[in-house]
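Per-entry structural report
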Amino acid sequence: MTFESKIKTIEWVDGYSRMVDQTVIPYEYKFINVTSGDDMYNAIKTMIVRGAPAIGIAGAHGVVLYAQALEHSSSVEEFKAKLIEKAQYMKTSRPTAVNLMWACEKQIEIIKNSNSDIKGIIEELTENAIKLENEDIEINKKIGEYGSEVVPKGATILTHCNAGALATVGYGTALGVVRSAYAKDNTIQVFADETRPRQQGARITTFELTMDKIPVTLITDGMCSYFMKKGMIDMVVVGADRIAANGDTANKIGTYTVAIAAKYHNIPFYIAAPLSTIDTSIKTGAEIPIEERSHEEVTHINGKRICAEGVNIINPGFDVTPNELIAGIITEKGILRPNYNQSIAEAFNN
Ligand code: MRU
């Protein structure tokens, strides 16, 4: 059984991309239309759209938008060469979430292999973007179903950042597990970490769970071990931006701290992510590029400075949780368990 969530974060409609503007949640829930490749690049970079699977789909849409702008190229060869350059550029809009590179690569394969004329290639790219979009929801429902099997009755699930419907096309990965578990047992509840500096937990996770009437309690990032020690957390489920071949997992900054606290308190710590988040080209998490974000995210909240002027700032957007802290990686092919080198390789070969 799955839980139906009404949220559709990003969608291809009539020649352009329509997405929820995540910079204004929870004050406003509004959609914006993105009609050019450069505007899509900026939407990803400025986090109007965010969350690894959602920015993957945004990248795929962005390549279609660039293709539309190149429609009047003088030859198919020129069109293909220029479009591949644009697709490579789209990949650089954010560095850590590998779904972006994965989805742009899927579009590049089509550009390279198509025997169609320019119009035909644009149609193929559009169809592929819509296919990836639809598949994302189906994959999340499978992740939710597998994940719900390891949620204890009446569990309190801690999550960090937002790996929900608003981080994907719909339904969510970590929050997909919550939705599927809630459909079977409406006594479960969520504790959501605030997730400084951009507060995706406070702003987005509480927003979407409240919208779906799933009980959620907001805590600040430093509180997780306090509640773990009190026996108030039964499991942790978070999303991922990139998983190495050995299971090391990059996710929003602060995830590693939660994983260490969970290990200390013997609480299972799960990652929920599609296979498209696994980067088998890298052996360990040490190879994952970590986004360094603007200092203002740390020095300011809602445009107001919260610290002394001139203070030194460092603001990595993600951290890497080592595989030994991870009880399982919940994917559309089932829950992968240690040894991750082996279980990940098997998941790709089946
Ligand atoms: O910087 P963000 O908001 O894009 O970071 C999002 C996360 O870290 C999510 O947990 C991750 O992308 C998984 S989303 C299903």
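This report concerns the structure included in the present document. (Residues numbered from 1 in each chain as written. Predicted model: local features only at pLDDT ≥ 70, side-chain atom pairs only at ≥ 80, totals over all residues. Heavy atoms only, no water.)

Things to note about the site of the ligand
Around the ligand sit 19 residues, and of these Arg-50, Arg-94, Asp-241, Asn-251 and Lys-252 come closest. A distance of 2.9 Å separates an oxygen atom of the ligand from a polar atom in the backbone of Ala-52. Going through the elements one at a time, α2 (52-69) and β9 (249-252) are the ones with two or more residues in the shell around the ligand. Grouping the amino acids of the shell around the ligand by side-chain chemistry returns eight nonpolar, seven polar and four charged. (Near = heavy atom within 4 Å. Polar contact = N/O pair within 3.5 Å; in protein donor to acceptor, adjacent residues only side chain to side chain. Helix = DSSP H or I, 4+ residues; strand = E, 2+ residues; numbered from the N terminus. Nonpolar A, V, L, I, M, F, W, Y, C, P; charged D, E, K, R; others polar.)

Focus: the packing of α2 against helix α3 (residues 76-90)
The contact between α2 and α3 brings their axes to 9 Å, and the two run at 145°. Here α2 and α3 pass one another in a crossing that is right-handed. Two secondary-structure elements touch here, α2 through Gly-59, Gly-62, Val-63, Tyr-66 and Ala-67 and α3 through Phe-79, Leu-83, Lys-86, Ala-87, Tyr-89 and Met-90. Here the contact of α2 with α3 is composed, by residue class, of eight nonpolar, two polar and one charged. (Axes fitted to C-alpha atoms, helices over the stretch in contact; angles between N-to-C directions. Left-handed = near helix turned anticlockwise from the far one by under 90°. Contact = heavy atoms within 4.5 Å.)

Describing the sheet that holds strand β11 (residues 278-279)
Across the sheet, which stays open at both edges, the four strands sit in the order β11-β8-β9-β14 with mixed pairing between neighbours. With partners counted over all chains shown, the strands left at the sheet margins are β11 and β14 (318-321), one partner each. When strand β8 (residues 242-244) meets β9, the two strands line up antiparallel, connected through two bridges. Residue pairing for β9: Arg-242 is matched across the bridge by Ala-250. (Pairing = 2+ DSSP bridges.)

Examining the sheet that holds strand β2 (residues 16-20)
Read across the sheet, three strands follow the order β1-β2-β3 without closing on themselves; strand pairing throughout is antiparallel. Looking along the sheet, the strands with just one partner apiece sit at the ends: β1 (10-13) and β3 (31-34). Along the sheet, successive strands turn relative to each other by an average axial angle of 25°, direction set aside. Relative to β2, β1 runs antiparallel, the two being bridged by four bridges. Considered in β2, the bridge of Trp-12 is made with Ser-17.

What about helix α7 (residues 200-211)?
Its 12 residues give α7 an end-to-end C-alpha distance of 15 Å, which sits within 8% of 16 Å, the value for a rise of 1.5 Å per residue. Judged by how many residues are buried, α7 sits mostly within the fold: 10 of 12 residues are covered. Looking at the buried side of α7, the elements it contacts are β4 (156-159), α6 (174-184), β5 (189-193), β6 (216-219) and β9. Positive backbone phi, at 60°, marks Lys-213, one or two positions downstream of α7. (Expected span 1.5 Å × (residues − 1). Buried < 20%, exposed > 50% of the residue type's maximum accessible area, 1.4 Å probe, protein only.)

Observations regarding the pattern of salt bridges
Note on pairing: side chains with opposite charge can pair once their charged atoms come close. All chains considered together, the criterion is met by 17 salt bridges. The salt bridge involving Glu-291 is made with Arg-94; its shortest N-O contact spans 2.7 Å. Placement of Glu-291 in the loop between β11 and α10 (296-299) and of Arg-94 in the loop between α3 and α4 (98-113) is noted, with a sequence separation of 197 residues between them. With a relative accessible area of 8%, Glu-291 lands in the buried category. Put simply, Arg-94, Arg-198, Glu-291, Arg-293 and Glu-297 are held in one network by salt bridges that share partners. (Salt bridge = Lys/Arg side-chain N within 4 Å of Asp/Glu carboxyl O.)

A closer look at the side chain of Lys-91
Take Lys-91: it is sitting in the loop between α3 and α4. The class of Lys-91 is buried, set by a relative accessible area of 16%. A polar side-chain atom of Lys-91 sits 2.9 Å from a polar atom in the side chain of Gln-88.

Fair warning: the whole summary comes from geometry, so function is off the table for now.
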